[in-house]
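Next come the chains, spelled out residue by residue.
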Amino acid sequence: MALLSILHYPDKRLHKIAKPVAVVDERIRTLAANMAETMYGAPGVGLAATQVDVHERVIVIDVSETHDELRVFINPEIVWSSDERKLSEEGCLSVPGVYDSVERADHVRVRALNERGETFELDCEGLLAVCIQHEMDHLMGRVFVEYLSPLKQSRIKVKMKKLAQAM
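Residues numbered from 1 in each chain as written. Predicted model: local features only at pLDDT ≥ 70, side-chain atom pairs only at ≥ 80, totals over all residues. Heavy atoms only, no water.

Here we look at the packing of aromatic side chains
In step 1: Applying the stated criterion across every chain, the model contains 1 aromatic pair.
In step 2: Seen in terms of ring centroids, Phe73 and Phe120 are 5.7 Å apart; in terms of plane orientation they differ by 45 degrees. Their pairing is tilted. In this pair, Phe73 is assigned in strand E3 (residues 71–81) and Phe120 in strand E7 (residues 119–125), connecting sequence segments 47 residues apart.
In step 3: The class of Phe73 is buried, set by a relative accessible area of 0%.
In step 4: For Phe120, a relative accessible area of 24% corresponds to the partly exposed category.
In step 5: Sitting over the ring of Tyr147, Arg142 keeps its end group 3.9 Å from the ring centre. (Phe/Tyr/Trp six-rings, centres within 6.5 Å; stacked < 30°, edge-to-face > 60°. Helix = DSSP H or I, 4+ residues; strand = E, 2+ residues; numbered from the N terminus. Buried < 20%, exposed > 50% of the residue type's maximum accessible area, 1.4 Å probe, protein only. Lys NZ or Arg CZ within 6 Å of the ring centre and 35° of its normal.)

Okay, structure coming up:
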């Protein structure tokens, strides 16, 4: 396994739309394993392939307290979402040190493939529901700060550019 480099906002590559995975093979399983290692090392609770400059529909998530419940979603799609909305504070490995409130569906049902290429559906609520929606936004080329006001977005861009120059 290998740690992958995480793209940082406002990198334009974060806005690329991910393509569906054609075949779940060893390359995709290795990608998912490397993404998981990167996510755990960051540390974070979710990571989309877009964030590591791979523009395919792959997400890894682990919202457990013990970091031992890795979930891999390949070609995920939300097939149902509740009308009930919830405001939750979000952060992002691509926008380090920035947290803000975003409104999302309180419950969602996601359909995806697992690492063996098998279809599954999962009902999500709480942090898992927030995380799956956040990561799926990445696959569509959207970063959570784009839900914020133009002023906040501008301030975050300046902060991220200064951070990049300091590195």
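That covers the picture; the talk isn't over yet.
Describing the pattern of salt bridges
In step 1: Per the stated rule, a full pass over the model turns up 12 salt bridges.
In step 2: Between Arg13 and Asp11 there is a salt bridge, with the nearest N and O atoms lying 2.6 Å from each other.
In step 3: Overall, Arg13 belongs to the partly exposed group, its relative accessible area being 34%.
In step 4: Between Arg104 and Glu90 there is a salt bridge whose closest N-O contact spans 2.6 Å. Within this pair, whereas Arg104 is found in strand E5 (residues 95–105), its partner Glu90 is found in strand E4 (residues 85–92), the two being separated by 14 residues in sequence. The pair formed by Arg104 and Glu90 is uniform in burial state, with each residue classed as buried.
In step 5: The network of salt bridges with common partners includes Asp11, Arg13 and Asp53. (Salt bridge = Lys/Arg side-chain N within 4 Å of Asp/Glu carboxyl O.)

Some thoughts on the side chain of His138
In step 1: Structurally, the position occupied by His138 is in helix H2 (residues 126–139).
In step 2: Sequence-distant contacts of His138, that is, excluding residues within four places in its chain, are made with Leu14, Lys16, Ala48, Thr50, Gln51, Cys92 and Val143. (Contact = heavy atoms within 4.5 Å.)

Let's talk about the sheet that holds strand E6 (residues 107–113)
In step 1: The 5 strands are arranged E1-E2-E3-E6-E7 in an open sheet whose pairing can be described as antiparallel. With partners counted over all chains shown, the strands left at the sheet margins are strand E1 (46–48) and E7, one partner each. On average, each strand axis in the sheet is tilted by 40 degrees relative to the strand beside it, whichever way the strands run.
In step 2: Helix H1 (residues 26–41) rests against E1, strand E2 (58–61) and E3 of the sheet, and its axis sits at about 40 degrees to E2. (Pairing = 2+ DSSP bridges. Axes fitted to C-alpha atoms, helices over the stretch in contact; angles between N-to-C directions.)

Remarks on the environment of Arg27
In step 1: Residue position: Arg27 is located in helix H1.
In step 2: Here Arg27 falls in the partly exposed class, since its relative accessible area comes to 46%.
In step 3: Reaching out from Arg27, the side chain makes a polar contact with the side chain of Glu56 at a distance of 2.8 Å. (Polar contact = N/O pair within 3.5 Å; in protein donor to acceptor, adjacent residues only side chain to side chain.)

So far we have only geometry, and geometry alone does not tell us how the molecule works.
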